[in-house]
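Coordinate inspection notes
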Amino acid sequence: MGDPAPASPAVDGATLEAEVQRIGRELADAFPPPARHPVRSLDKRAMQLTTEDARLGAAIFRLVDVTPACRSLDDLARHLVGYLRDVPEKPPPLEVGMKMANTAAGRKALGAATAAGVRHMAHRFIVGESPSAALDTIAGLWRSGIATSVDLLGEATVTTAEADRYAARCDDALVELSRAAATWPEREWLERDSVGTIPRVNLSVKVTALTPLIRPEAPELGRDDAATRMRPLLRRARDLGAHLHVDMESVDALETTAELVLGLLAEDEFVQGPSSGIVLQAYLRDSPAQLDRLLEWAGAHPRDSPFVVRLVKGAYWDHEVVEARQHGWSPPVFEQKADCDRNFEHLTRRLLDARPLVRVKVGSHNLRSVAHAIAYNRLTGGSDSDLELQVLRGLGDDLAEALRSERLRVRSYCPVGDLVAGMAYLVRRLLENTSNDSFLSSHAKGVPVEELLAAP
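Now for a quick tour of the structure.

Calculation rules
Residues numbered from 1 in each chain as written. Predicted model: local features only at pLDDT ≥ 70, side-chain atom pairs only at ≥ 80, totals over all residues. Heavy atoms only, no water. Salt bridge = Lys/Arg side-chain N within 4 Å of Asp/Glu carboxyl O. Helix = DSSP H or I, 4+ residues; strand = E, 2+ residues; numbered from the N terminus. Buried < 20%, exposed > 50% of the residue type's maximum accessible area, 1.4 Å probe, protein only. Phe/Tyr/Trp six-rings, centres within 6.5 Å; stacked < 30°, edge-to-face > 60°. Lys NZ or Arg CZ within 6 Å of the ring centre and 35° of its normal.

Here's the deal with the pattern of salt bridges
Applying the stated criterion across every chain yields a total of 33 salt bridges. Measuring nitrogen to oxygen at the nearest pair gives 3.2 Å for the salt bridge that ties R293 to E255. Of the two residues, R293 is situated in helix α13 (residues 287-300) and E255 in helix α12 (residues 254-265); the sequence distance between them amounts to 38 residues. Under the relative-accessibility criterion, E255 is labelled partly exposed at 29%. The partner of R342 in a salt bridge is D339, with the nearest N and O atoms 2.4 Å apart. Of the two residues, R342 and D339 are both situated in helix α15 (residues 337-353); the distance of three residues between them amounts to about one turn of the helix. The class for R342 is buried, based on a relative accessible area of 10%.

Given below as structure tokens:
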């Protein structure tokens, strides 16, 4: 099935496709060579091994998941050996590790090496244990021409005290990041679009961390409880001139999140700010209807700083499919990658056509999806400054550098937190990085650019 017709009748489908191909090749040529980042290249090779052996990949993910619960280096080494027993053909370094585990001293050394490896893997995706620890990395990205969105790791709180602590961490982060950002050099293409100023500080928050009362059958419970913690954060962001973005998570929290964001931003005190917005997940079958709702709301509630919509594919595919099948339901997500990719392009065009009612952020590592957004934006008369591209730290670094080299605004989504809090996030990112049908996996294997840019 080919690409559907463009949303704007002013853009010819053939013209759009030609521009997508041209821009995609330019970006592919702008990717940094492996020699520029040798450690990153080694990491990619190690991750590629897990895609080539499903059992090895499963063993690594199980190890990452259990590491925070291990009580000693010996305990960690025993877990590693236990998981690797199911792997018939092990890479030579792992064979050596298995032999080391035969003695207490060997297990201690193996545990230390394993712990160091997991920490190294975590730091590829998680930029620091706290905002202060992450400041050097965040400031360095800004100086290089890449903006950031900081995500304080922490999901699914179960007590009010946990939710209060998460809200306090978010408040502290807004203050600390704003203080640091005041010293950063000017980066015009990161700080302005045709509508006005774009905040330097961008913090992403999760509703499941702001309330323990997420109930799919009664979204108002979580909405009202989270609102008591969200209002002070919106006030703080407004006073500091920061952007506060609300992430989407699993379908269970979708309605609570939408009602919270749209309800709060409609209140009189937030009409003038802060800059804020929500996430739209293209893997959901009803995402076009969700976009209808967002655009209708934005039209009925004009704001001094336009409502921001971040379009992503979605990170909870496995969770949604497994849960739906357990209950005998039809999964709420597209089960074929091509269907999701086509929907992503359709939603991209609709969002870009809706400007300046909304500010558009497109989050993807797929070269085709990114080139399509840039091409459609330009062909409909948009300035490059009116489109923001977003990537995940540790996954989209090469793409971010390519976009930056083309003077396009790119923002890196940077998780901050300790290893325990970040483990669920880290495992999801590892699964995404090693998915056999992902762009990242295909690119690492040297798939020709013509295939990477083929219409879904």
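After that view of the structure, there is still more to cover.
Structural notes on the packing of aromatic side chains
In this structure the tally under the stated criterion is two aromatic pairs. Arranged with centres 5.4 Å apart and planes meeting at 35°, the rings of W142 and W184 form a pair that is tilted. Here W142, found in helix α7 (residues 131-144), pairs with W184, found in the loop between α8 (160-181) and α9 (188-191); they are 42 residues apart in sequence, far enough to count as distant. Each of the two residues, W142 as well as W184, counts as buried. With 4.9 Å between their ring centres and 55° between their planes, W297 and F307 make a pair best called tilted. Pair noted here: W297 is in helix α13 and F307 is in strand β5 (residues 307-312), with a separation of ten residues, a long-range link. Exposure class is identical for W297 and F307. Each is buried. Directly above the aromatic system of F344 lies the positively charged group of K313, at a separation of 4.8 Å from the ring centroid.

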